[in-house]
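Coordinates in review
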Amino acid sequence: MAGGEGVDNGGDENPTIVVESREWVLSASATAGIPTADHFKLRTGKLSLDLHSIPKDHVVVELLWVSVDSYLRGRMSGQDERLYFSQFALDEVIMTIGIGRVIQSRSRNFSKDDLVISNFFQFSEYSIVEAKFLQVVEISAYLSTLVVIIKNKKTFVNESE
């Protein structure tokens, strides 16, 4: 685990593992145009992976892939009218869609190393997520789609030459 460190917990033979997690927060609303680096800040926090520090029916997830969709821009504008989702709060971690890997689980529905998808991930390296917002990603379910895309792309390229 990147950024993990053991913490002395009074002689217990299983030291608490703590990870550093970088997270993106919205520091200013982007009222016009495209958000720039001036609208964000990157901060670092620590997250305990100790099983007792994780609430029941929650899991710790390492975010692997994140979606940076155009709808996020509307949530950064500071204007609430005509939005399905509310604005991001200033100085709070941005929420997004992503795929992650379960690092630690207190949910019977998820095990360590499960790949999961959610619409409610924090834009951070590690986060604690309520299990009801996660779904296991079955990679094999996507392989047939990937093969069709590759075959169609190859056919299209050959026909255009």
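This write-up is about the structure you can find in this document.

Each value, and the rule that gives it
Residues numbered from 1 in each chain as written. Predicted model: local features only at pLDDT ≥ 70, side-chain atom pairs only at ≥ 80, totals over all residues. Heavy atoms only, no water. Helix = DSSP H or I, 4+ residues; strand = E, 2+ residues; numbered from the N terminus. Buried < 20%, exposed > 50% of the residue type's maximum accessible area, 1.4 Å probe, protein only. Contact = heavy atoms within 4.5 Å. Salt bridge = Lys/Arg side-chain N within 4 Å of Asp/Glu carboxyl O. Core = buried A, V, L, I, M, F, W, Y, C linked by side-chain atoms within 4.5 Å.

1. Notes on the overall build of the chain
Secondary structure assignment for the chain yields two helices and eight strands. Along the chain, from the amino end to the carboxyl end, the secondary structure elements read β-β-β-β-α-β-β-β-β-α. Buried residues in the chain amount to 29% of all 161 residues. The long-range fraction of contacts in the chain, counting pairs at least 24 apart against all pairs at least 6 apart in sequence, stands at 60%.

2. So, the pattern of salt bridges
On inspection of all chains with the given rule, the structure shows six salt bridges. Two residues, R43 and E23, come together in a salt bridge whose shortest N-O distance is 2.7 Å. You can see R43 sitting in strand β3 (residues 40–48) and its partner E23 sitting in strand β2 (residues 16–26), a full 20 residues away along the chain. Exposure remark for R43: the relative accessible area of 31% places this residue in the partly exposed category. Residue E23 is classed as buried on the basis of its relative accessible area, which comes to 13%. The salt bridge partner of R101 is D113, with a shortest N-O separation of 3.0 Å. Of this pair, R101 sits in strand β5 (residues 95–105) while D113 sits in the loop between β5 and β6 (115–122), and the two are twelve residues apart along the sequence.

3. Focus: the nonpolar core
Soluble globular proteins tend to bury their nonpolar side chains together. By size, the foremost hydrophobic cluster in this structure holds ten residues: V59, V61, L63, V102, F110, V116, F121, V129, A131 and L134. Secondary structure elements with two or more residues in this core: β4 (58–66) and β6. Ranked by residue count, the leading element in this core is β4, at three residues. V61 has contacts with G100, R101, I103, V116, F121, E125, Y126, S127, V129 and L134, leaving out every residue within four places of it along the chain.

Taken by themselves, the reported measurements are silent on function.
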